[in-house]
Amino acid sequence: MKSILITGGASGIGAGIAERFSEAGYAIAVFDRNAAGADEMARRLKKSGGPAISIHGDVSEPADAERAVAQTITAFGSLDVLVNNAGIEIVGTVASLSVEDWDRLLGVNLRGAFLLSKFAIPRMKPGSSVVNISSVHAFASYADNAAYDSSKAGLLGLTRAMALDHGPSGIRVNAVCPGYIQTPMLDKWLDSVPDREGTMREVLRSHPLGRIGTPRDIAEAVFFLCSDAASFVNGTFLVVDGAMTVSGK
């Protein structure tokens, strides 16, 4: 049985990925700083019949990252897929952001992916995969998102470097770039704007498909990249945004 470690796996995109891979027979390690959420997600997966564990910790802390990898391998015997999904968003320009907020966001979004990969890759076998969850923010910047845009663009650079360095060991590394996805992070942003309903109408108008994405949409993209169907896909990114960015929005 193959296993997968998902950071930020307690909710949103991470939870969707956990559910998709569990359905495919993977053993799931849910790593999240939200201990109660991680525990509940693992309980749900086990109730559905699949092996699952919860791991509590901070992806930006080396000891927690190393422990997450070790616990996954101890529980399941191997680590076949790592998904670096954990992410936070803090709005602000380079002038308005505090140094502490910049460091905190980059610590989770970029340093976290580095740390998990650092400890996981030496213990992964040929045929394994790493998927970094970037964003359309990697190449389409938005106002007041200096740190978030930087972190997501950095993930694409990290993806390319890892693919180049570890491809010879048979480990593929790719990224998925979601657009607007129905998640708690999106709800938090909508709650912060003056006109939630009007803003949502504008968001929908920017999508040629007439809807925003779901965690399942991203989970299917991740599953494809980790499957044999993508055995020659390495060092690239898959945009999953309903054509929002190509529409010029």
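Residues numbered from 1 in each chain as written. Predicted model: local features only at pLDDT ≥ 70, side-chain atom pairs only at ≥ 80, totals over all residues. Heavy atoms only, no water.

Quick notes on the overall build of the protein chain
Thinking step 1. Counting its secondary structure elements, the protein chain contains 8 helices and 7 strands.
Thinking step 2. In terms of overall dimensions, the protein chain is globule-like: its C-alpha atoms have a radius of gyration of 17 Å, near the 18 Å expected for 249 residues.
Thinking step 3. With respect to the principal axes defined by its C-alpha atoms, the protein chain has extents near 50 × 35 × 35 Å.
Thinking step 4. The 249 residues of the protein chain split such that 51% are buried. (Helix = DSSP H or I, 4+ residues; strand = E, 2+ residues; numbered from the N terminus. Rg over C-alpha atoms; globule rule 2.2 N^0.38 Å. Buried < 20%, exposed > 50% of the residue type's maximum accessible area, 1.4 Å probe, protein only.)

Re the pattern of salt bridges
Any two side chains of opposite charge can pair, on the condition that their charged atoms come close.
Thinking step 1. Overall, the coordinates contain 7 salt bridges when judged by the stated rule.
Thinking step 2. A salt bridge links Glu23 to Arg216, with the nearest nitrogen and oxygen atoms 2.9 Å apart. Highlighted residues: Glu23 in helix H1 (residues 12-23) and Arg216 in helix H8 (residues 215-226), separated in sequence by 193 residues.
Thinking step 3. The class for Glu23 is exposed, based on a relative accessible area of 54%.
Thinking step 4. Overall, the relative accessible area of 33% leaves Arg216 in the partly exposed class. (Salt bridge = Lys/Arg side-chain N within 4 Å of Asp/Glu carboxyl O.)

A short note on the confidence of the model for the protein chain
Thinking step 1. Residues at a pLDDT of 70 or more form 99% of the protein chain, whose mean pLDDT is 94.
Thinking step 2. Mean pLDDT in the protein chain bottoms out at helix H6 (residues 184-192), which sits at 76, and peaks at strand E5 (residues 129-133), which reaches 99. (pLDDT = per-residue confidence, 0-100.)

Thoughts on the nonpolar core
Thinking step 1. Leu5, Val69, Leu116, Met124 and Val130 are the most contacted members of the largest nonpolar core, which totals 35 residues.
Thinking step 2. If you list the elements that add at least two residues to this core, you get strand E2 (27-32), helix H3 (62-76), helix H4 (99-120) and helix H5 (146-166).
Thinking step 3. The greatest single-element share of this core, amounting to 8 residues, is contributed by H4.
Thinking step 4. Those residues in contact with Met124, other than ones at most four positions away along the chain, are Leu79, Asp80, Val81, Leu82, Ser129, Val130 and Ile171. (Core = buried A, V, L, I, M, F, W, Y, C linked by side-chain atoms within 4.5 Å. Contact = heavy atoms within 4.5 Å.)

So, unusual backbone geometry
Thinking step 1. A positive phi angle, close to 65 degrees, is found at Asp144, a residue other than glycine.
Thinking step 2. With respect to the helices and strands, the residue Asp144 is situated in the loop between E5 and H5.
Thinking step 3. Unusually for a residue other than glycine, Ala243 sits at a positive phi of about 70 degrees.
Thinking step 4. Summarising the element assignment, Ala243 is placed in the segment after strand E7 (237-240).
Thinking step 5. A relative accessible area of 31% places Ala243 in the partly exposed class.

Brief notes about H1
Thinking step 1. Between the first and last C-alpha of H1 there are 17 Å, a value that for 12 residues agrees with the 16 Å anticipated at 1.5 Å per step.
Thinking step 2. Among the 12 residues of H1, 10 are classified as buried, and the element is accordingly described as predominantly covered.
Thinking step 3. Two residues or fewer after H1 comes Gly25, characterised by a positive phi angle close to 95 degrees. (Expected span 1.5 Å × (residues − 1).)

Side note on the environment of Thr72
Thinking step 1. Relative to the helices and strands, Thr72 is located in helix H3.
Thinking step 2. By relative accessible area, Thr72 is classed as buried at 0%.
Thinking step 3. Between the C-alpha atom of Thr72 and that of Ala29, which follows or precedes it by 43 residues, the distance is 6.1 Å.
Thinking step 4. Beyond its immediate sequence surroundings of up to four residues, Thr72 is in contact with Ser3, Leu5, Ala29, Ile53, Ile55, Gly77, Ser78 and Leu79.
Thinking step 5. Here Ala68 takes part through its backbone oxygen, which lies 2.8 Å from a polar atom of the side chain of Thr72. (Polar contact = N/O pair within 3.5 Å; in protein donor to acceptor, adjacent residues only side chain to side chain.)

Comments concerning the packing of H3 against H4
Thinking step 1. Direction vectors running N to C along H3 and H4 enclose 45 degrees, while the axes themselves pass 9 Å from each other. One way to sum up the angle between H3 and H4 is to call them oblique. Regarding H3 and H4, the two cross each other, and that crossing is right-handed. Residues Pro62, Ala65, Glu66, Ala68 and Val69 of H3 form the contact with H4, whose participating residues are Arg111, Leu115, Leu116, Phe119 and Ala120. (Axes fitted to C-alpha atoms, helices over the stretch in contact; angles between N-to-C directions. Parallel < 35°, antiparallel > 145°, perpendicular 65-115°, else oblique. Left-handed = near helix turned anticlockwise from the far one by under 90°.)

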